[in-house]
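Chain residues, written in single-letter form:
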Amino acid sequence: MGGRLIFFGAEATLVAYSDDTFDRCVDAASLPGGQPIGTINAISMSPDGSKLAVGHTTTPFLTVYDTATWQKITITGGAPNGLVRDLTWNPSGTLLATAHATSNFLTVYRVSDWSKVSIAGGNPAGSGYGVSFSPDGTKLAHTSNTSPFLTVYETTGWTKLTITGGQPSGAGQCKFSPDGVFLAAGGSSGLTVYTVTDWAKVTLSGGAATKTTSYVAFSPDSAQLAASTGASPYMYIYDTATWTYTDPIAMPGGSRGVSYNDDGTKLVLAVNGATGVVIVNPTTWSSFSIPIQTSTPNGPCTTTLSTRWLTTGAQSIRDAADAPASGRAVRAYNRATGALLAAVTTDASGKFAIPFVSEMQTQVAILDDDAGEQYNDLIFGRVIPATTP
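Residue indices follow the written sequence of each chain, beginning from 1 at its first position. Only residues with pLDDT of at least 70 get local features here, since the model is predicted, and only at 80 or more are side-chain atom pairs given and counted; chain-wide, interface and lining totals rely on the full set of residues. Values shown for side chains rest on all heavy atoms present in the structure; no hydrogens or waters enter the calculation.

K.L.:
What exactly am I supposed to notice about the pattern of salt bridges here?
P.N.:
Here, a salt bridge means any side-chain nitrogen of Lys or Arg that lies within 4 Å of a carboxyl oxygen of Asp or Glu. Counted by the stated rule, this structure contains six salt bridges. Linking Arg4 and Asp262 is a salt bridge whose minimum nitrogen-to-oxygen distance equals 2.5 Å. With a gap of 258 residues between them, Arg4 in the segment before β1 (5-10) and Asp262 in the loop between β23 (255-260) and β24 (267-271) connect regions that are remote in the sequence. A residue is classified by how much of its surface remains accessible, and Asp262, at 36% relative accessible area, is partly exposed. Helix and strand definitions follow DSSP, with helices as H or I runs of at least four residues and strands as E runs of at least two, each counted in order from the N terminus. In this scheme, a residue with accessible area under 20% of its type's maximum is buried, one over 50% is exposed, and one in between is partly exposed, where area comes from a 1.4 Å probe on protein chains only.

Set out below in structure tokens:
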């Protein structure tokens with residue numbers, strides 16, 4: 001059974017959670033290819049879900065996983081020149097762009113052979129903070145900490161476009177709206193939004209427009225723009241039809257990242273401090289009750305990656321009286337080693353689910369808590385070693 005995942009960089013550990021239950025994937029912390037090296041700054045899933053790119057602070061600065069095996073892909077063109085702060089795929093998944101701290105500040109890879117694209121128009125002016133492809137793939141925006149702060153390339157000849165509306169107010173993340181109408185850029189003195197047709201600046205009312213803005217995200221329907229700032233209330237939501245804002249989210253601290261999931265039903269916020277993660281409904285602004293507690297995460301990323309779940313399917317576990325067996329202990333073991341991977345209980349309808357990132361082979365044991373008996377789905381007669389949860 002497939003499902004969405006939410007990925008976070010919990011400092012130097014890549015972790016994944018179910019978008020449905022918010023349970024942590026039991027194998028995410030022990031990926032077959034190993035964890036990235038250094039603090040994670042950015043995460044991005046390829047459009048087809050076959051690759052996950054991670055930008056981090058320590059060489060090689062960029063790690064790309066094959067999501068079928070979760071092994072690291074060899075980047076034959078070489079690492080970016082410095083720690084990666086942001087990265088993104090083009091819509092077809094044929095290019096991967098990274099914004100990094102050291103000259104040349106922008107590196108674009110051809111995914112077919114992982115060679116580096118030659119940027120004919122020249123490098124951006126300074127250390128990279130944000131990078132975003134337009135939804136049609138014809139433009140690539142890059143933000144840096146040096147004037148003019150924003151550089152936009154056309155991706156046919158990689159020449160620079162003229163931003164007639166003028167530069168933004170400093171370094172911050174940048175994002176094109178999914179409908180291709182707007183480009184938002186954070187900055188040290190506030191949020192700047194451009195109309196892409198003429199590169200004129202949009203007139204914004206207050207909020208993030210006047211505060212240091214680090215992270216930005218458009219909703220999938222382009223109707224909302226979320227912008228995180230360095231001062232309370234930390235998160236501003238703009239209506240892109242009127243460019244008025246609200247601050248409906250009770251944020252416990254500054255944000256390290258903001259992202260909508262692919263169907264727009266959740267807004268995911270990585271928060272500084274012990275809270276770790278806040279997830280809200282972007283229509284009602286109510287918060288989801290979640291078990292996720294990840295200290296100081298960086299840059300959330302939601303995805304439609306088809307993953308593996310341990311589940312009973314459409315039918316629930318039933319007791320001897322043919323009633324749903326709620327509260328029954330369910331244990332998942334690594335079939336190869338016998339190690340206990342997870343222990344959950346069935347819900348009121350007798351169902352359970354355990355999310356996985358990988359295709360790890362497992363053995364499931366369902367316990368009859370009342371009688372103390374264990375019912376195994378026998379796998380070719382293999383006996384799982386006794387393992388106490």
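K.L.:
So what exactly am I meant to see when it comes to the nonpolar core here?
P.N.:
General note: in soluble globular proteins, nonpolar side chains tend to be found buried as a group. Note on terminology: a nonpolar core comprises buried Ala, Val, Leu, Ile, Met, Phe, Trp, Tyr and Cys residues joined through side-chain atoms within 4.5 Å. Ranked by internal contacts, the top residues of the largest apolar core, which has 16 residues, are Phe7, Leu14, Ile43, Leu52, Tyr65, Trp70 and Val357. Among the elements that line this core, the one with the most residues is strand β3 (residues 40-45), at three residues. Any two residues having at least one pair of non-hydrogen atoms within 4.5 Å are treated as being in contact. Discounting chain neighbours no more than four positions away, the residues touching Leu14 are Phe7, Phe8, Ala28, Ala29, Leu31, Gln35, Pro36, Ile40, Ile43, Leu52, Val54 and Tyr65. Residues Ala184, Leu204, Ala209 and Tyr236 belong to the second largest nonpolar core, which totals 15 residues.

K.L.:
Looking at this structure, I do not really get the environment of Thr159. What am I missing?
P.N.:
Examined against the element boundaries, Thr159 turns out to sit in strand β14 (residues 159-160). Owing to a relative accessible area of 37%, Thr159 belongs among the partly exposed residues under this scheme. Contacts of Thr159, omitting those with residues within four sequence positions, involve Gly121, Val152, Tyr153 and Glu154. A polar contact is formed between the side chain of Thr159 and the side chain of Glu154, at a distance of 2.7 Å. Between N or O atoms, a polar contact is any pair within 3.5 Å; within protein, one atom must be a potential hydrogen donor and the other a potential acceptor, and residues adjacent in sequence are included only when both atoms are from side chains.

K.L.:
Hey, could you run me through the environment of Leu150 in this one?
P.N.:
Of note, Leu150 is situated in strand β13 (residues 150-154). Separated by 25 residues in sequence, Leu150 and Ala125 have C-alpha atoms that sit 8.8 Å apart. With residues near it in sequence (within four places) discarded, Leu150 still touches Ala141, His142, Thr143, Ile163, Pro168, Leu183 and Tyr194.

By themselves, these figures tell us nothing about what the structure is for.
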